[in-house]
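# Summary of structural features
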Amino acid sequence: MEVRQPSAKTNGAEHLDLMCIGPSARTAVEFKYFKARWAGVAGPLEEEYTLASHAATDVGRLGFVSDIARLERYCTHPDQNGLALLLTNDRALWTPPKDGARRTRDADFRIHEGRTLTGELLWGGGDYEPNTRTLHDTCHLSWEDYSRQEGPRGEFRYVATWVSH
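Structural notes, computed from the coordinates.

It is worth spelling out the pattern of salt bridges at this point. Here the structure, examined in full by the defined rule, presents 10 salt bridges. Taking the shortest distance from any N to any O, the salt bridge between Asp67 and Arg70 comes out at 2.7 Å. You can see Asp67 and its partner Arg70 sitting in helix 1 (residues 57-74), 3 residues apart, about one turn around the helix. Comparing Asp67 with Arg70, the two get one shared label, buried.

Here it is as structure tokens:
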């Protein structure tokens with residue numbers, strides 16, 4: 001369920017994926033599910049799944065970092081916090097680039113295991129300003145196992161980061 005939030009930055013409103021409202025606090029949740037091609041049977045009821053690939057990992061990284069930036073804009077009061085969550089079976093998202101790999105346009109947006117995100121993140125070294133994101137907090141990224149399924153790309157992992165005032 002998307003929840004509309006007023007936003008001066010976007011000339012109107014932004015949408016949060018989920019808003020949890022408690023008696024004394026609110027938690028905004030942004031969720032991404034980025035898939036690599038996988039087919040198999042999973043779960044106690046042995047359901048068949050066929051996942052299509054999103055393919056563009058750079059766009060997946062941009063989306064997750066954008067979620068963190070959006071939550072930082074939302075979490076301006078002590079009674080507000082947020083959770084950015086990404087679930088994937090695409091190991092390119094949690095694996096660091098190889099030593100000597102060419103610098104990609106999304107290098108500042110890498111979200112691999114052990115990465116720390118903070119400050120101004122430039123897309124293409126600053127060549128495309130609309131994708132620039134600024135993070136005011138520091139996010140240390142640690143990936144966790146979610147599930148393991150049979151076959152190639154059957155490993156699912158997630159990364160979560162909390163944002164608060």
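It is worth spelling out the nonpolar core at this point. In terms of nonpolar packing, the biggest core is built from 27 residues, with Phe64, Ile68, Leu86, Ile111 and Leu117 touching the most fellow members. Elements with a contribution of two residues or more to this core: strand 4 (26-34), helix 1, strand 7 (80-88), strand 8 (116-121), strand 9 (133-140) and strand 11 (155-164). Sort the elements by how many residues they give to this core and helix 1 lands first, with 7 residues. If we ignore the near neighbours within four places in the chain, the residues touching Ile68 are Ala84, Leu117, Leu135, Cys139, Thr161 and Val163. Trp38, Ala42, Leu51 and Phe156 belong to the second largest nonpolar core, which has 5 residues in total.

Reading the values: the criteria
Residues numbered from 1 in each chain as written. Predicted model: local features only at pLDDT ≥ 70, side-chain atom pairs only at ≥ 80, totals over all residues. Heavy atoms only, no water. Salt bridge = Lys/Arg side-chain N within 4 Å of Asp/Glu carboxyl O. Helix = DSSP H or I, 4+ residues; strand = E, 2+ residues; numbered from the N terminus. Buried < 20%, exposed > 50% of the residue type's maximum accessible area, 1.4 Å probe, protein only. Core = buried A, V, L, I, M, F, W, Y, C linked by side-chain atoms within 4.5 Å. Contact = heavy atoms within 4.5 Å.

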